[in-house]
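Tertiary structure, described
Next come the chains, spelled out residue by residue.
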Amino acid sequence: MAAELRMNELAKHPAITLKRYIDTNWSRKTDAFVGPEPPEEIKARIRDALVTGITDPLNKIRVAVAYVVAKIATLDWPEAWPNLFDVLMANLKSSNSDHVHGAMRVLSELARDSLAEQQFLYVAPVLIPELYRIFCAENFSVGVRARSLVIFREYLETLFMIQEENRDAVAKYLMPVLPTWLDTFQKILSHVETPMEVITIKHEVMLTVVKLVRQFPKQMSPFLLPFLQPVWNHVLELQSWYISERIVSSDTGTENVDSDGHVISLDSLLHELLQFLQCVQSSAGKKQELRSVFSAGVKGAKVTAPSQLLSQLMGVAMTYLQITADMFAFQEETWSGDMNQFIQDDEDEAMIFNVRIAIEELLMALLDGPFPIETLQALCGATTTRFEESAKARRAGDPNWWKVDEACLLALGRVSDELVGAVKQQQVSFDFGGFFQHIVLEDMQCREHPFLQGRAIWFSSQFASVLPSELVAQCMKIAVAALKEDSTAFAVKVLAIKALRNFCDNTQPEALVPYQADVIESIVRLAHGASDEALILLLEALTTAVKVNDEVTARYESAIGPLLLNVWVKGAQDMVMTDIVEDLFKALAVNQHMTTAFQQRMLPAVRDALRAENVQAMPEVTATALDLLSSLMKNAPTPFAPAYTAEIFPDLIKLLLTAEEHAILQAHLSILIDLTQPRDL
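In this report, the structure presented in the accompanying data block is examined. These numbers come from a predicted model, not from an experiment.

**Structural notes on the overall build of the protein**
Across its full length, the protein holds 36 helices and two strands. Here the protein holds 681 residues, and 54% of them are scored as buried. Long-range contacts, defined as pairs at least 24 residues apart, comprise 72% of the intrachain contacts of the protein with a sequence gap of at least 6. When the accessible surface of the protein is summed, it comes to about 30,700 Å², and 53% of that surface belongs to carbon and sulfur atoms.

**Digging into the pattern of salt bridges**
Scanning the entire structure with this criterion turns up 21 salt bridges. The partner of Glu485 in a salt bridge is Arg447, with the nearest N and O atoms 3.2 Å apart. Residue Glu485 is located in the loop between α25 (469-484) and α26 (490-506), and its partner Arg447 is located in the loop between α23 (432-444) and α24 (450-462); the two are separated by 38 residues in the primary sequence. For Glu485, a relative accessible area of 27% puts it in the partly exposed group. With a relative accessible area of 55%, Arg447 lands in the exposed category.

**A word on helix α4 (residues 59-76)**
Taking 1.5 Å per residue, 18 residues should reach 26 Å; α4 reaches 25 Å between its end C-alpha atoms and fits that length. Buried within α4 are the following residues: Ile61, Arg62, Ala64, Val65, Ala66, Val68, Val69, Ala70, Ile72, Ala73, Leu75 and Asp76.

**Digging into the packing of α25 against helix α27 (residues 509-527)**
As a packed pair, α25 and α27 sit with axes 10 Å apart at the nearest point and diverge in direction by 25 degrees. One finds that α25 runs roughly parallel with respect to α27. In the crossing of α25 with α27, the sense of the turn from one axis to the other is left-handed. Only Leu512, Tyr515, Asp518, Val519, Ser522, Arg525 and Leu526 of α27 make contact with α25, whose side of the interface consists of Ala473, Met476, Lys477, Val480, Leu483 and Lys484. Classifying every residue of the contact of α25 with α27 by side-chain character gives eight nonpolar, one polar and four charged.

**Details of the packing of aromatic side chains**
What the rule picks out here adds up to 23 aromatic pairs. Between Trp181 and Phe185 the ring centres are 6.0 Å apart and the planes differ by 55 degrees, which places this aromatic pair in the tilted class. Separated by four residues within a single helix, Trp181 and Phe185 lie in helix α10 (residues 178-189), roughly one turn from each other. Take Trp181 and Phe185: they sit in the same class, and that class is buried. Each member of the aromatic cluster is reached from another via a ring pair, and the members are Phe387, Phe430, Phe432, Phe435, Phe436, Phe459 and Phe463. The ring centre of Phe135 lies 5.5 Å from the NZ or CZ of Arg145, which sits over that ring. A cation sits over an aromatic face here: Arg455 above Trp458, 5.0 Å from the ring centre.

**A few points about the environment of Trp181**
Judged by relative accessible area, Trp181 falls into the buried class, the value being 1%. A sequence separation of 49 residues divides Trp181 from Tyr132, and the C-alpha atoms of the two residues are 7.2 Å apart. Setting aside chain neighbours within four positions, we find Trp181 in contact with Ile128, Leu131, Tyr132, Phe135, Leu149 and Phe152.

**Comments concerning the nonpolar core**
Ranked by internal contacts, the top residues of the largest apolar core, which has 233 residues, are Phe276, Phe435 and Leu629. Ignoring sequence-local partners within four residues, the contact set of Phe435 consists of Phe387, Leu409, Leu412, Phe430, Val440 and Phe459.

**Comments concerning the side chain of Thr319**
Structurally, Thr319 is set in helix α16 (residues 308-320). Note on Thr319: relative accessible area 1%, which makes it buried. Reaching out from Thr319, the side chain makes a polar contact with the side chain of Arg386 at a distance of 3.2 Å. Setting aside residues no more than four positions away along its own chain, Thr319 makes contact with Gln239, Tyr242, Ile243, Ile247 and Arg386.

**Description of the packing of helix α21 (residues 401-414) against α24**
The geometry of α21 relative to α24 is characterised by a closest axis approach of 9 Å and an angle of 25 degrees between their N-to-C directions. On the basis of the axis angle, α21 is roughly parallel to α24. Regarding α21 and α24, the two cross each other, and that crossing is left-handed. Across the interface between the two elements, Trp401, Trp402, Asp405, Glu406, Leu409, Leu410, Leu412, Gly413 and Arg414 from α21 touch Phe451, Leu452, Arg455, Ala456, Trp458, Phe459 and Gln462 from α24. Class assignment of the residues belonging to the contact of α21 with α24 gives a composition of 10 nonpolar, two polar and four charged.

**Considerations on helix α14 (residues 266-284)**
Helix length check: α14 (19 residues) gives 27 Å between terminal C-alpha atoms against 27 Å at 1.5 Å per residue, within 8%. Within α14, 18 of the 19 residues are buried, which leaves the element mostly enclosed by the surrounding structure.

**Focus on the environment of Asp431**
By the element assignment, Asp431 lies in the loop between α22 (416-424) and α23. Side-chain polar atoms of Asp431 contact the backbone nitrogen of Gly433, separated by 3.4 Å. In this structure the side chain of Asp431 is engaged in a polar contact, spanning 3.1 Å, whose partner is the backbone nitrogen of Gly434.

**Details of unusual backbone geometry**
The amide bond that connects Gly35 to the next residue, Pro36, takes the cis arrangement and shows omega of 0 degrees. Considering the arrangement of structural elements, one finds Pro36 in the loop between α2 (14-26) and α3 (40-53). Although it is not a glycine, Gln426 adopts a positive phi angle of roughly 60 degrees. Turning to its location among the elements, Gln426 is positioned in the loop between α22 and α23. Residue class for Gln426 comes out exposed when judged on its relative accessible area of 73%.

**Let's talk about the environment of Ile201**
Mapping Ile201 onto the fold places it in helix α11 (residues 196-215). Considering only alpha carbons, one finds Ile201 and Ile264, 63 residues apart in sequence, at a separation of 9.9 Å.

The rules we used
- Residues numbered from 1 in each chain as written.
- Predicted model: local features only at pLDDT ≥ 70, side-chain atom pairs only at ≥ 80, totals over all residues.
- Heavy atoms only, no water.
- Helix = DSSP H or I, 4+ residues; strand = E, 2+ residues; numbered from the N terminus.
- Buried < 20%, exposed > 50% of the residue type's maximum accessible area, 1.4 Å probe, protein only.
- Contact = heavy atoms within 4.5 Å.
- Areas by Shrake-Rupley, 256 points an atom, 1.4 Å probe, with all protein chains shown as cover.
- Salt bridge = Lys/Arg side-chain N within 4 Å of Asp/Glu carboxyl O.
- Expected span 1.5 Å × (residues − 1).
- Axes fitted to C-alpha atoms, helices over the stretch in contact; angles between N-to-C directions.
- Parallel < 35°, antiparallel > 145°, perpendicular 65-115°, else oblique.
- Left-handed = near helix turned anticlockwise from the far one by under 90°.
- Nonpolar A, V, L, I, M, F, W, Y, C, P; charged D, E, K, R; others polar.
- Phe/Tyr/Trp six-rings, centres within 6.5 Å; stacked < 30°, edge-to-face > 60°.
- Lys NZ or Arg CZ within 6 Å of the ring centre and 35° of its normal.
- Core = buried A, V, L, I, M, F, W, Y, C linked by side-chain atoms within 4.5 Å.
- Polar contact = N/O pair within 3.5 Å; in protein donor to acceptor, adjacent residues only side chain to side chain.

So far we have only geometry, and geometry alone does not tell us how the molecule works.
Encoded structure:
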């Protein structure tokens, strides 16, 4: 009952109303000021009352009041509110955790949004040592200790921003305290055991270390190696947990929720550990002592070899790259029967936090870093070992064996261009033919595990440029069959479409002709009812497919033409969709085997878009129509058909007289010049 009464108080608390009032009435300095502005006497009374609210025993009230205090402080502190910092520091030094938490929330908001250079120089010498004391004080809650690091990072951000203007700032405010902070961080990380109560602290520690390395690389350089070993120990130690609680099953028992509502778990910690490894590799090319961490070769030597750690890292990466039980459950429930959802999630995947994405980022960073060849060598060695292990697991009846194969194919497929180049330069040894015959072709037909099957089909296309023609034919046949069969999971169909698009881009046309008709038919069928994300993928694939053989494409003009018109009108406001429509339109317009049929279908639609009454209703369609008309004219038979001179020409003249946009006027003039050439009239 008491808690309920306090929540009712919260709903009526002045701080909630003041959030809006500050914006509109507090000061003429704000952009949203409406007025009237209260007298200074009233402001002072409000400020005094609010400061007491940051020590309220109810967390939600402290958070709300702290936000308002910080908002007012951005306008009034220090000139009109000179004692604010003293009050906050007094609360920080209190033994009452509520007082400490309230003060820290205010400081966190201030540091994030509005701490000017002079204010930083004033508060930093006093505040940073106090933050360190709170962080080390185990009598405070994990949330309060973690908040001290959040504020510390905000002050690091401010220091980073002002260092160009104040060149002594880093030496004066960071370097005297940095060794002390880092020593404590190392002690915390020296214990690889990570029970629930330690996850949040270690996560905040790693967030802070990574920020320090990225923003102050010179100052952090001597500390990279001392941190590398404990970080690496954690990455190794967490493998067994990840396999049992993420890959094999799903366990949410290792999650905390911080005071901002963010879920902190061992996955979050893993992400930051991997981010640190990424930072180390980017620095390794500049420092000899770090070079040996990733390379066993001598700098400048022609022969390269990965270090033991890099070889181990690639093996560990294949563990963390595997599809988790949660991802698999979601995929089976949603993706298997919904192509649109699969494509949307696949496109948005890079925006979603998970360990799988962190491993992909690390792999690409290693390739872009100082040791790309060593990375490829280590990856090839690691995947060879992991494929052997998955084969044994499969024979032993392990239901998750396929996840290892999928992860290895994903990793190798992501680096296909670099791997092909390294093999051609004889820097890396990799038997593409044997690999496909013994692993890839079998996985491409593994229907009981559709996500492995789809990944293998996609993988095959990534190496289309180096595969022998008979192997390309085998892969194409499997991909087309997967696309045609109604029973195929949509996830497999989508990856098959991506694969076929790659094959069309990287394979000789004659090898593709036997499959072109099936590809076009399948894409057109899937396009009906597809979402925008799905349509973009389908039309991109269709654009490559129609270029394979003009005679085959011409047979499908009656199916492709209406689809193209429908997508053009509906997607006119989508610039990405419009560009794809124009590319497909141009590819079809140049096909001499369907010139007459295509011109007869498209010209009336283009003419309608250029009429004055439609220009007002559909201006986006009109802009694209001029580009499409230009493509039609370039490929129209000579002389122009009467529709051009008798119908298109008058509409263009009318539109030219009313158009105001420079780009439309230019396009008009170009088309009018082509239309009025003597040979056409």
